[in-house]
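# Overview (structure and organization)
As a plain string of letters, each chain reads:
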Amino acid sequence: DDAAVEDTDEAFTAPRLATLAATLVCVAAAAVALRRIDDLLPARDGHRASERLAYRIDCWFSSNPNAKILALLYVSIAMVLVGGLLLYGVSSTGFGEAVWENVALVGIDFTAASATESSLSARVVAVASALGGMFITALLLGIVSDAVGDYVDDLKKGRSDVLETNHTLVLGWSDKTLPIVEQVSNANESEGGGVIVILAEMEKERQEELIGEFEYESLGTRVICREGNPLLVADLKKVNAAGARSTIILAGEGTADQADAKSLRVVLSLVGLRAKCASKGHIVCEMCDVDNEPLVKMVGGEAVETIVAHDVIGRLMIQCARQPGLAQVWNDVLGFEGCEFYCSEHPELVGCSFDDVVLRFADAAPLGLLRHKNVMINPPRGEVVQRGDRIIVLAEDDDSYEVGPKPSDIIVEHEEDVHTPKTPRPERVLFCGWRRDLGDVIHL
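This is a predicted model, so every value here is computed, not measured. (Residues numbered from 1 in each chain as written. Predicted model: local features only at pLDDT ≥ 70, side-chain atom pairs only at ≥ 80, totals over all residues. Heavy atoms only, no water.)

At a minimum axis distance of 8 Å, the contact between helix α13 (residues 309-322) and helix α14 (residues 326-334) shows a crossing angle of 135°. In terms of orientation, α13 lies oblique with respect to α14. On the side of α13, the interface is formed by Leu316, Gln319 and Cys320, while α14 contributes Leu326, Ala327 and Trp330. Classifying every residue of the contact of α13 with α14 by side-chain character gives five nonpolar, one polar and no charged. (Axes fitted to C-alpha atoms, helices over the stretch in contact; angles between N-to-C directions. Helix = DSSP H or I, 4+ residues; strand = E, 2+ residues; numbered from the N terminus. Parallel < 35°, antiparallel > 145°, perpendicular 65-115°, else oblique. Contact = heavy atoms within 4.5 Å. Nonpolar A, V, L, I, M, F, W, Y, C, P; charged D, E, K, R; others polar.)

Spatially, the six strands line up as an open sheet ordered β3-β2-β1-β4-β5-β6, and their pairing is parallel. Strand pairing shows two members of the sheet lacking a second neighbour, β3 (222-227) and β6 (304-308), which therefore form its edges. On average, adjacent strands in this sheet sit at an angle of 20° to one another, irrespective of strand direction. Pairing between strand β1 (residues 168-171) and strand β2 (residues 195-200): four bridges, direction parallel. Following the sheet pairing, valine 170 is matched in β2 by isoleucine 198. With respect to the sheet, helix α8 (residues 177-187) is in contact with β1, β2, β3 and β4 (246-249), its orientation differing from that of β2 by roughly 165°. On the sheet, helix α12 (residues 293-300) packs against β5 (282-287) and β6 and is oriented at approximately 165° with respect to β6. (Pairing = 2+ DSSP bridges.)

Further remarks concern the nonpolar core. Of all hydrophobic cores here, the largest spans 27 residues; its most connected members are Leu171, Ile249 and Leu270. In terms of residues, this core owes the most to one element, helix α11 (residues 256-277), which gives five residues. Those residues in contact with isoleucine 249 that sit more than four places away from it in its chain are Leu171, Ser263, Val266, Val267, Leu270, Ile283, Val284, Cys285 and Glu286. (Core = buried A, V, L, I, M, F, W, Y, C linked by side-chain atoms within 4.5 Å. Buried < 20%, exposed > 50% of the residue type's maximum accessible area, 1.4 Å probe, protein only.)

As summarised here, the arrangement of the four strands in space is β7-β10-β8-β9, forming an open sheet in which the pairing is antiparallel. Of all strands in the sheet, those bounded by a partner on one side alone are β7 (340-345) and β9 (374-377). Strand-to-strand twist of the sheet, defined as the mean angle between neighbouring strand axes without regard to direction, takes the value 30°. Note: strand β8 (residues 365-371) against β9, four bridges, orientation antiparallel. The partner of leucine 370 across the bridge, within β9, is valine 375.

What follows concerns the pairing of β2. With respect to burial, β2 is a largely interior element, six of its six residues being buried. What you see with β2 is no split at all: Val195, Val197 and Leu199 on one side and Ile196, Ile198 and Ala200 on the other are buried throughout. Examined bridge by bridge, β2 and β3 share six bridges and lie parallel to one another. Following the sheet pairing, isoleucine 198 is matched in β3 by cysteine 225. After leaving β2, the chain enters helix α9 (residues 204-213) and then returns to the sheet as β3, a path that is right-handed. (Right-handed = clockwise from strand over helix to strand, strands pointing away.)

Within an α-helix, residues lying three or four positions from one another point in the same direction, as the helix has 3.6 residues per turn. The end-to-end C-alpha distance of α13, which contains 14 residues, comes to 20 Å, matching closely the 20 Å that a straight helix rising 1.5 Å per residue would cover. For α13, the complete set of buried residues consists of Ala309, Asp311, Gly314 and Ile318. (Expected span 1.5 Å × (residues − 1).)

One pass over the structure, following the stated rule, counts 14 salt bridges. Two residues, glutamate 51 and arginine 48, come together in a salt bridge whose shortest N-O distance is 3.5 Å. Its relative accessible area of 31% is what places glutamate 51 among the partly exposed residues. Assessed through its relative accessible area of 46%, arginine 48 is described here as partly exposed. Of the charged contacts in the structure, one is a salt bridge between glutamate 164 and arginine 222, with a shortest N-O distance of 3.1 Å. Taken together, the residues glutamate 164 in the loop between α7 (120-156) and β1 and arginine 222 in strand β3 connect sequence positions 58 residues apart. Overall, the relative accessible area of 10% leaves glutamate 164 in the buried class. Overall, the relative accessible area of 39% leaves arginine 222 in the partly exposed class. One salt-bridge network, held together by shared partners, links Asp38, Arg48 and Glu51. (Salt bridge = Lys/Arg side-chain N within 4 Å of Asp/Glu carboxyl O.)

Below, the discussion takes up helix α2 (residues 14-35). In this model α2 runs 31 Å from its N-terminal to its C-terminal C-alpha over 22 residues, within 8% of the 32 Å that 1.5 Å per residue would give. Among the residues of α2, Arg16, Leu20 and Thr23 are the ones counted as buried. One face of α2 carries all of its buried residues, which in axial projection span an arc of 70°. Along α2, the residues that are exposed and aim more than 90 degrees away from the buried face are Ala14, Pro15, Val25 and Cys26. (Arc of directions from axis to C-beta.)

This part takes up a negative patch on the surface. Together, Asp146, Asp150, Asp153, Glu203 and Glu205 make up a region of like negative charge exposed at the surface. With three residues, α7 is the largest single contributor of residues to the negative patch. Here glutamate 205 shows up in helix α9. (Patch = residues over 30% accessible without salt bridge, like charges linked within 9 Å, V, L, I, M, F, W, Y side chains within 5 Å. Areas by Shrake-Rupley, 256 points an atom, 1.4 Å probe, with all protein chains shown as cover. Lys, Arg positive; Asp, Glu negative; His and termini not counted. Charge placed at Lys NZ, Arg CZ, Asp CG, Glu CD.)

Our focus in this paragraph is the pairing of β4. In the sheet, β1 pairs with β4 via four bridges, with the strands oriented parallel. In the sheet register, threonine 168 faces β4, and the bridge partner there is serine 246. Bridge count between β4 and β5: four bridges; the pairing is parallel. By the bridge assignment, isoleucine 248 is partnered in β5 with valine 284.

In structure tokens, the structure reads:
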């Protein structure tokens, strides 16, 4: 009796009661915060805090192969520590022993759970109870493991929603997808990186495998892959197509008319989805036949820009055949390595002639004007910059140049153009292979 009284006196001391109270308050506060997280944290970009937290957990489980093991380890450590603190607060056991007793109670060392018993029968019952607890725990862990495994498998298949905004969205998969990822990554380098979301009918694991095998520098840009059909509005919502900064529609497989028909349906779905959200993102659609281009432009309106890749490549090939060395120029100019084209508006240049504009950029080369979607390369002499005009320049990056003062020691003098008539002469070009628009290529 005296020993029991001493144990009771030692158990309910001020430090132990303070530890018990602090532990209970922390556990209750964590439970309430998790329960009321949407009330404590404001919504961002239309997504609640609970949705953002679930999204981050989804990304962690899908990207980390050891996520299940680490999650089980973290939960076990938390349970052992909390249980040890509670046991320390209500008993006379030291903190280290309390933690070990709590470890034993969850089945790691079931004999420790009966260490305080005196009779043999009581110890046998305690051991049997511990064995039963271990069996129940094993069954529970098996069920939880299967559930978590199925959930992770769903994440690996790309079925969860993407909560990104201002991202670059690529719809479809072709031989152009990986070079697009590389070039967009290079373009985002000046911004510290960005996000590229790919939605294709290919399996998510296969997409990530191909991207992993492709040798390129991400430069801070993350690539998120999702499996789905770009023709379905539900799949477009899954990748937040309405919140994308720019959308690239790649031509599908099949004949030119079949691929363009699919692209047209994708544009219709995007236009309808974006109209509900008043989205201002830019859409670039790859076409296969130049005859189908006006239809897509009519449906997409001003937000859609079409590129007939087959026709553009044919024109570039003819130009490179006539001008040796031009292929290297196109490779340097059209990529994001080195200098590239940029188009921006400069109100301080309104009213200036283009001759003066050329002298106002020390780190860029002005090439022309973009006026109401009309491109003016090398505009006529004395052309005045109007309000709303955008200056087309060739520069290293979009933030590497700015308008400067006009040099006072440079005088622009014009000479009369002297046109020397040239006698046309026949050219001999050898075409190896065949393409459906060879007649148009020859006409060029």
